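Here is what each chain is made of, one letter per residue.
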Amino acid sequence: MLPFSRVAVIGLGLIGSSIARGVRQHMPSVRVTGYDADPAVRETAVRIDLCDDIADTAGTAVIDADLVVLCVPVGAMGAVAAEIAADLPADAILSDVGSCKESVIEAVRAALPDAVFVPAHPVAGTENSGPEAGFASLFHHRWCIITPPEGTEPLAIERVLEFWRRLGAEVETMEPAHHDRVLAVTSHLPHLIAYTIVGTASDLEEVTASEVIKYSAGGFRDFTRIAASDPTMWRDVFLANREAVLDMLQRFSEDLTALQRAIRWGKGDELFELFSRTRAVRRSIIDSGQDDARPDFGRSHD
Ligand code: NAP
């Protein structure tokens, strides 16, 4: 049996529009209502026939939903929760897709203390945003982490897990604080590093901008994909997951200093040992089906 029959998606960007498309593809009898604060996004959603209905307010979008998924930047979750407070049906399950969980749980709870809230984070995305960037297969074979606060009804958790399984995701449950530490190192820190490298290269005076672009295949271009990610989303993630990110950044800076020392003192063995370990990590990611095994991310070299 389907876990829900009327789903409201608030925020129709990359993730929200991918959920809408995924529901229509994998659960075609489920009614999907969408809402986005941006009128231009709502217009696009109507034009591309993203949902069964596009509402004019967040309240009308949720009024008869049995699942509401908040797909807005993490800094906007509290405000959206307050916007739907008067219209959220008492028996509806509220969920979200925010990239960090403790701060979102706190913000949503403050606005909706009695709602059945089952937070989730699909660990899937691209560097693109907006309603036209989404696609139904975005979550296929990707992990979706559910982080229910203590005391959440087991049946509500199971329904949200089943929803994500039906979208093609692998599912896992985790404590919110642990989630935030894991994602700080697997996602937030890599984004910070990419933003830094691309920023540094574009500020260099002795290397021209055209040289940076021309010779980017040396490695730089792979960082630019991550550094092209949505500025609002990532600003919010760093502010919301500050403690865990600063902690991981401290560890990273220490390791970077050790590497700097190894280079300065010509300790080739140390460098070789580290680079061999990191190569093995890449192999494990491919073996677990989380990336393409083809060289150079499968780019064509014709
Ligand atoms: P996105 O493409 O920028 O879409 C977010 C949409 O939400 C935008 O259309 C935005 O409108 C709208 N919005 C902002 N504030 C709103 C409000 N108060 N009420 C209604 N709509 C509002 O972003 P996304 O990549 O889908 O990210 C959405 C959420 O998914 C974030 O919490 C993010 O942390 C999480 N997430 C993202 C990824 C990823 O790789 N992108 C992966 C996993 C989870 P405006 O254009 O007017 O701002």
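Throughout, a residue's number is its position along its own chain's written sequence, starting from 1. In view of the model being predicted, local features appear only for residues whose pLDDT reaches at least 70, and side-chain atom pairs are presented and counted only at 80 or more, with totals across whole chains, interfaces and linings using the full set of residues. Neither water nor hydrogens contribute to the side-chain values; these are computed over all heavy atoms in the structure.

Engineer: Quick question: what am I supposed to make of the domain arrangement of the chain here?
Structural biologist: One widely used convention gives an interface's size as the accessible area the parts lose upon coming together. Each domain's extent is set by a domain assignment, obtained either automatically or from a database. We note that the domain assignment places domain 1 (6–174) and domain 2 (178–293) within the chain. Taken over C-alpha atoms, the centre of domain 1 sits 29 Å from the centre of domain 2. Counting residues at the interface gives 19 residues for domain 1 and 18 residues for domain 2. Throughout, the accessible surface (probe 1.4 Å) given up by two parts as they are put together, summed over both, is called the buried area. For the domain 1 and domain 2 pair, buried surface summed over both sides reaches about 1,400 Å², with 61% attributable to carbon and sulfur atoms. In terms of surface lost to domain 2, no three residues of domain 1 exceed Ser99, Glu127 and Met174, which account for 36% of the buried area on that side. Salt bridges are defined by distance alone: a side-chain nitrogen of Lys or Arg within 4 Å of a carboxyl oxygen of Asp or Glu. Run the count over domain 1 and domain 2 and you get one salt bridge. One salt bridge in this structure joins Glu127 and Arg225, with 3.1 Å as the shortest N-O distance. Polar contacts here mean pairs of N or O atoms no more than 3.5 Å apart (in protein, one a potential hydrogen donor and the other a potential acceptor; neighbouring residues in sequence count only if both atoms are side-chain atoms). Counting every contact that joins domain 1 to domain 2 gives eight residue pairs in polar contact (both at pLDDT 80 or more). Helix and strand assignments follow DSSP, with helices taken as H or I runs no shorter than four residues and strands as E runs no shorter than two, numbered in order from the N terminus. Sorting the residues of the side of domain 1 that touches domain 2 by element identifies helix H5 (102–111) and strand S8 (143–146) as the ones contributing at least two each. Residues count as neighbours in contact if any of their non-hydrogen atoms are within 4.5 Å of one another.

Engineer: Sorry, what's going on with the site of the ligand here?
Structural biologist: Near is defined per residue: the residue qualifies when any heavy atom it owns lies within 4 Å of the molecule or strand. Close to the ligand lie 28 residues; Leu14, Ile15, Asp36, Val72 and Ser99 are nearest. Ala37 has a polar backbone atom sitting 3.1 Å from a nitrogen atom of the ligand. For the ligand, an oxygen atom lies 2.6 Å from a polar atom in the backbone of Val72. A 1.4 Å probe and the Shrake-Rupley method give the accessible areas. Residues count as covered only by the protein chains that appear here. Relative to its free-state accessible area of 900 Å², the ligand is covered by the protein chains to the extent of 82%. Breaking the shell around the ligand down by element, the ones donating at least two residues are helix H1 (14–26), helix H4 (77–84) and strand S7 (120–122).

Engineer: Looking at this structure, how should I read the pairing of strand S5 (residues 93–96)?
Structural biologist: A regular strand places its side chains on the two faces of the sheet in alternate fashion. Partly exposed residues are those whose accessible area sits between 20% and 50% of the maximum for their type, while under 20% is buried and over 50% is exposed, using a 1.4 Å probe and protein chains only. Of the two faces of S5, the one carrying Ile93 and Ser95 and the one carrying Leu94 and Asp96 are both buried. Two elements, strand S4 (residues 67–70) and S5, share four bridges in a ladder whose sense is parallel. For Val68, the partnering residue across the bridge sits in S5 and is Leu94. By the criterion used throughout, a crossover qualifies as right-handed when its path from the first strand across the helix to the second strand runs clockwise, the strands pointing away from the viewer. With respect to chirality, the unit in which S4 leads through H4 into the neighbouring parallel S5 is right-handed. Pairing between strands is defined by DSSP: at least two bridges between them are needed. By the bridge criterion, two bridges tie S5 to strand S6 (residues 116–117) in an arrangement that is parallel. What sits directly across from Ile93, in S6, is Val116. A crossover links S5 with its parallel partner S6, the connecting element being H5, and its sense is right-handed.

Engineer: Before we go on, may I ask you to explain the UniProt feature "domain: Prephenate/arogenate dehydrogenase" (unreviewed entry) in the chain in this structure?
Structural biologist: Under the local residue numbering, the UniProt record ascribes the feature "domain: Prephenate/arogenate dehydrogenase" (unreviewed entry) to residues 5–293. Annotated as 53% helix and 11% strand, the span residues 5–293 places its first and last C-alpha atoms 38 Å apart. UniProt positions are given in the numbering used here, feature names are shortened, and annotations may be inferred rather than shown by experiment.

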